[in-house]
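Summary of structural features
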Amino acid sequence: NAGASLGVAITVFIMGTVSSTAIVVAALVGAGVAATIVFAFGLRDISSSALVMLAVVGTTLAALLTAITSMLVLMDANTLDVLRFWDVGSIARRNLDLAGLLTALMAVGVVLALHSAFSLNALGLGVDVATTLGSRVALSRILSIVAITLLAGSATALCGPISFLGLVAPHLARALAGHDYRKIVPFAGLIGAALILAADTLGRVSVPGGELQVGIVLAVLGGPALLVIARRRRVVAL
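Our next topic: the overall build of the chain. When its secondary structure is counted, the chain shows ten helices and zero strands. Mapped from its N terminus to its C terminus, the chain presents α and β elements in the order α-α-α-α-α-α-α-α-α-α. Its C-alpha radius of gyration of 19 Å places the chain within 12% of the 18 Å reference for a compact globule of 238 residues. If you line up the chain on its principal axes, its C-alpha atoms span 55 × 40 × 35 Å. Classification of the 238 residues of the chain by burial places 37% in the buried group. If you take every contact in the chain between residues at least 6 apart in sequence, the share linking residues at least 24 apart comes to 69%. Carbon and sulfur atoms make up 71% of the accessible area of the chain, which amounts to about 13300 Å² in all. Each charge class in the chain was averaged separately, 14 positive and 9 negative side chains, and the resulting centres sit 12 Å apart.

Following this line, the structure appears as structure tokens:
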């Protein structure tokens, strides 16, 4: 999300007035570059188990990119006008000129995600156990990373950053499907689609004569839901 936002901000800041197609491309490139940096620095050894460093690098990079985006927005009113509408996240009135390209990228991402679900079951037992079971840890992680980048990057490029959807949907999928990633991955996709459509519908009918963007609705509902989930997992861990 932070990489996509910065990509849009830089494009508008440099080029001034830009088309919807240019914004989608800029967001897609920004998301891809950010993902590459996170995994390059967060997993210096793609087969290691240092996933805490991955989270630290991701959080740090997100804060840095958000700060740079804020700087560009404050320096240029045109960038502010474009970003404040795109950054809220919405599936309404989106330009579909690049829908064919993005659909193809998402299709590849779906295939890789479903394929990775088999190896994720082994990785869930730990790197050492997965290696013992014959899993190719490095290749499995690379395929998963590519799937994440294609799916999240394409969706964000088209709809803008929609917070909490990618955090809440997998937890709900796990509650329904257990710990088998062959079920969790498709369930998460279906639950995510249902959540975003429900939130979009709620945003359209909740404000008389107006509309709340789906990104706002999901942030309001998803934030407390994620806190409840995190609290329950913490209690279980204790």
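Don't stop here, the text continues.
The grouping of L202, V205, V207, L212, I216, V220 and L221 at the surface amounts to a nonpolar patch, some 560 Å² of accessible area in total. For the nonpolar patch, the elements supplying multiple residues, two or more each, are α9 (181–205) and α10 (214–237). A per-element tally of the nonpolar patch places α10 first, with three residues. As for its position among the elements, I216 is in helix α10. Look at I216 and you get partly exposed, because its relative accessible area is 33%.

Let's shift gears to the nonpolar core. Grouped together as the largest cluster of nonpolar side chains are 36 residues, with contacts concentrated most on V8, W86 and L218. If you list the elements that add at least two residues to this core, you get α1 (2–15), α2 (20–42), α3 (51–75), α4 (77–86), α7 (137–159), α9 and α10. Take this core: its biggest share by element is eight residues, from α2. For L218, the residues in contact, after removing those within four places along its chain, are I162, S163, F164, L165, L195, I196, A199 and G223.

This part is about the pattern of salt bridges. Throughout the structure, instances matching the rule amount to two salt bridges. In this structure, R182 and D180 form a salt bridge, with 3.0 Å as the shortest nitrogen-oxygen distance. D200 is the salt-bridge partner of R204, the closest N and O atoms lying 2.8 Å from each other. Here the residue R204 and the residue D200 both occupy positions in helix α9, the gap between them amounting to four residues, near one helical turn. Accessibility expressed as a relative area gives 7% for D200, which makes it buried.

With that settled, the discussion passes to α2. Given a rise of 1.5 Å per residue, 23 residues ought to cover 33 Å, and the 32 Å separating the end C-alpha atoms of α2 matches this to within 8%. Along α2, the residues classified as buried are I23, V24, A26, A27, G30, A31, A34, A35, V38, F39 and G42.

We now examine the side chain of S5. Tracing the backbone shows S5 in helix α1. Leaving out residues up to four positions away in the same chain, S5 has contacts with T69, L83, W86, D87 and P161.

Structurally, S154 can be placed in helix α7. The class for S154 is buried, based on a relative accessible area of 0%. Only 2.7 Å separates the side chain of S154 from the backbone oxygen of L150, close enough to count as a polar contact. Setting aside chain neighbours within four positions, we find S154 in contact with L28, L102, L105, M106 and T149.

Rules and cut-offs
- Residues numbered from 1 in each chain as written.
- Predicted model: local features only at pLDDT ≥ 70, side-chain atom pairs only at ≥ 80, totals over all residues.
- Heavy atoms only, no water.
- Helix = DSSP H or I, 4+ residues; strand = E, 2+ residues; numbered from the N terminus.
- Rg over C-alpha atoms; globule rule 2.2 N^0.38 Å.
- Buried < 20%, exposed > 50% of the residue type's maximum accessible area, 1.4 Å probe, protein only.
- Contact = heavy atoms within 4.5 Å.
- Areas by Shrake-Rupley, 256 points an atom, 1.4 Å probe, with all protein chains shown as cover.
- Lys, Arg positive; Asp, Glu negative; His and termini not counted.
- Charge placed at Lys NZ, Arg CZ, Asp CG, Glu CD.
- Patch = residues over 30% accessible without salt bridge, like charges linked within 9 Å, V, L, I, M, F, W, Y side chains within 5 Å.
- Salt bridge = Lys/Arg side-chain N within 4 Å of Asp/Glu carboxyl O.
- Core = buried A, V, L, I, M, F, W, Y, C linked by side-chain atoms within 4.5 Å.
- Expected span 1.5 Å × (residues − 1).
- Polar contact = N/O pair within 3.5 Å; in protein donor to acceptor, adjacent residues only side chain to side chain.

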